[in-house]
Every structure is written in structure tokens, then in C-alpha cells.
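Topology and contacts: notes
One letter stands for each residue in the lines below.
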Amino acid sequence: MIFDRPTSSELIKAVMDFLETKIKNELPPHLAFKLRITNNVLGMVQREIDQGEILQQEVYDAMQNLMHSDVLTTKKFSELIKDGKIDLKDEDLKDLLVILSKNKIAVDNPNYSTYKKLIK
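Residues numbered from 1 in each chain as written. Predicted model: local features only at pLDDT ≥ 70, side-chain atom pairs only at ≥ 80, totals over all residues. Heavy atoms only, no water.

**Looking at the overall build of the chain**
Operational definition: Numbering of helices and strands runs from the N terminus, with a helix taken as a DSSP run of H or I at least four residues long and a strand as a DSSP run of E at least two residues long. Atoms counted for the radius of gyration: C-alpha only. Globule rule: 2.2 Å times the number of residues to the power 0.38. Per-residue accessibility, obtained with a 1.4 Å probe over protein chains only, is compared with the maximum for each type, and a residue is labelled buried under 20%, exposed over 50%, and partly exposed between these values. For the purpose of charge, His is not counted, nor are the chain termini; Lys and Arg are scored as positive and Asp and Glu as negative. Where a charge sits is defined by one atom per residue type, namely NZ (Lys), CZ (Arg), CG (Asp) or CD (Glu).
Broken down by element type, the chain carries 5 helices and 0 strands. Over its C-alpha trace the chain gives a radius of gyration of 19 Å, far above what one expects of a compact globule, namely 14 Å for 120 residues. Each principal axis of the C-alpha atoms in the chain carries an extent, and together these give about 55 × 40 × 30 Å. Residue burial in the chain is summarised as follows: out of 120 residues, 25% are buried. Positive and negative side-chain charges in the chain, numbering 18 and 19 respectively, have mean positions lying 8 Å apart.

As C-alpha cells, this is what we get:
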């Protein structure tokens, strides 16, 4: 890789820490709330950078197992369900939906209580 340290993820973390420790307490409450939202978004981006490829590959593998196709798009997936080509009672479908949901939550909000139950 041509990029050294700090990594993109480390830079995002540094900005988040700076905003949280140096800026937040100097802001009026309404702006501190907006800063919190900003830090949440930066956290999502950081988690996607750190874990995105692995999480995406896990979903891709489950989709490929279910769809038996190299064309793996959510549109194609939804069409197969809509057209009745994937049975809603199919255990592989249920597994895929759990993996998909779990992996999205891992990036969006890993502190979500349901997510914590899913990863146990």
C-alpha cells in the first residue's frame, strides 16, 4: 500500500477525539448536539473503512449461496423474492437477512442492544 500512517481510520479517530475533547465543551448545547451527530457519522465512516470489506464479503457469500448467481445485487435479490423464486421459508434466506442486518448495524450503530444479542 502506498499510504503510510496515519491511516484514514486513524485520522478520522483523531478528528473525532479532537472534536469531543477540545471543541464540544466550548459550544452551546444546540451546537454540541450537532457535534455529537457529526461524530456519530464519522464513526460510521470509520467502521465502514475498518470492517466494510469483511462485512460485505460475508453478505456476498451468503447471497451467492442463496442465489447461485454471479449477479449479486439487491435489485436482483428482491426480484427473485418478488417473483417467488426464493421461498420466504428458505433457511438460507433467513440466514442472509440476519447476516445483512447484523453487518449493517455493525457499521451504523454497534452499541444497539439487538446487535449485541446477535453477535453473542
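**Description of unusual backbone geometry**
A cis geometry characterises the amide bond from Arg-5 onward to Pro-6, with omega recorded as 5°. With respect to the helices and strands, the residue Pro-6 is situated in the segment before α1 (8-23).

**Quick look at the packing of α1 against helix α2 (residues 29-67)**
Axes are the key here: two packed helices are described by the angle between their axes and the distance separating the axes. The condition is simple: An axis is simply a line fitted to the C-alpha atoms; with a helix, the fit covers only the stretch in contact. Between two such axes, the angle follows the N-to-C directions and lies from 0 to 180 degrees. Any angle that falls under 35 degrees is termed roughly parallel, while one over 145 is termed roughly antiparallel, one within 65 to 115 roughly perpendicular, and all others oblique. Definitions for this section: a left-handed crossing has its near helix turned counterclockwise from the far helix by less than a right angle. A right-handed crossing has that turn clockwise. For this analysis, residues touch if any pair of their heavy atoms sits within 4.5 Å. Three residue categories are used. Nonpolar comprises Ala, Val, Leu, Ile, Met, Phe, Trp, Tyr, Cys and Pro, charged comprises Asp, Glu, Lys and Arg, and polar comprises the others, including Gly.
Where α1 contacts α2, the axes come no closer than 9 Å and their chain directions differ by 165°. Here α1 is positioned roughly antiparallel relative to α2, judged by the angle of their axes. Crossing handedness for the pair α1 and α2: left-handed. Contacts between α1 and α2 involve Ser-8, Ser-9, Ile-12, Lys-13, Val-15, Met-16, Leu-19 and Glu-20 from the first element and Leu-35, Asn-39, Leu-42, Gly-43, Val-45, Gln-46, Ile-49 and Asp-50 from the second. Class assignment for the residues of the contact of α1 with α2 results in 8 nonpolar, 5 polar and 3 charged.

**Structural notes on the environment of Val-41**
Checked against the element boundaries, Val-41 lands in helix α2. Given a relative accessible area of 44%, Val-41 falls into the partly exposed group. Val-41 sits 25 residues away from Met-16 along the chain, and the two C-alpha atoms are 9.9 Å apart.

**What to know about the environment of Leu-118**
In this fold, Leu-118 is placed in helix α5 (residues 113-118). The sequence separation of Leu-118 and Phe-3 amounts to 115 residues, and the corresponding C-alpha distance is 35 Å. Excluding anything up to four places from it in sequence, Leu-118 contacts Val-98 and Lys-102.

**What to know about the pattern of salt bridges**
Selection criterion: We define a salt bridge as a side-chain nitrogen of Lys or Arg found within 4 Å of a carboxyl oxygen belonging to Asp or Glu.
Under the criterion given, the structure shown has 6 salt bridges. The partner of Glu-10 in a salt bridge is Arg-5, and the shortest N-O contact between them spans 2.5 Å. By relative accessible area, which is 29% here, Glu-10 ends up partly exposed. In this structure, the salt-bridge partner of Lys-13 is Asp-17, at a minimum N-O distance of 3.0 Å. Of this pair, Lys-13 and Asp-17 both sit in helix α1, 4 residues apart, roughly one helical turn. Lys-13 gets classed as partly exposed once you look at its relative accessible area, which sits at 38%. For Asp-17, a relative accessible area of 35% translates into the label partly exposed.

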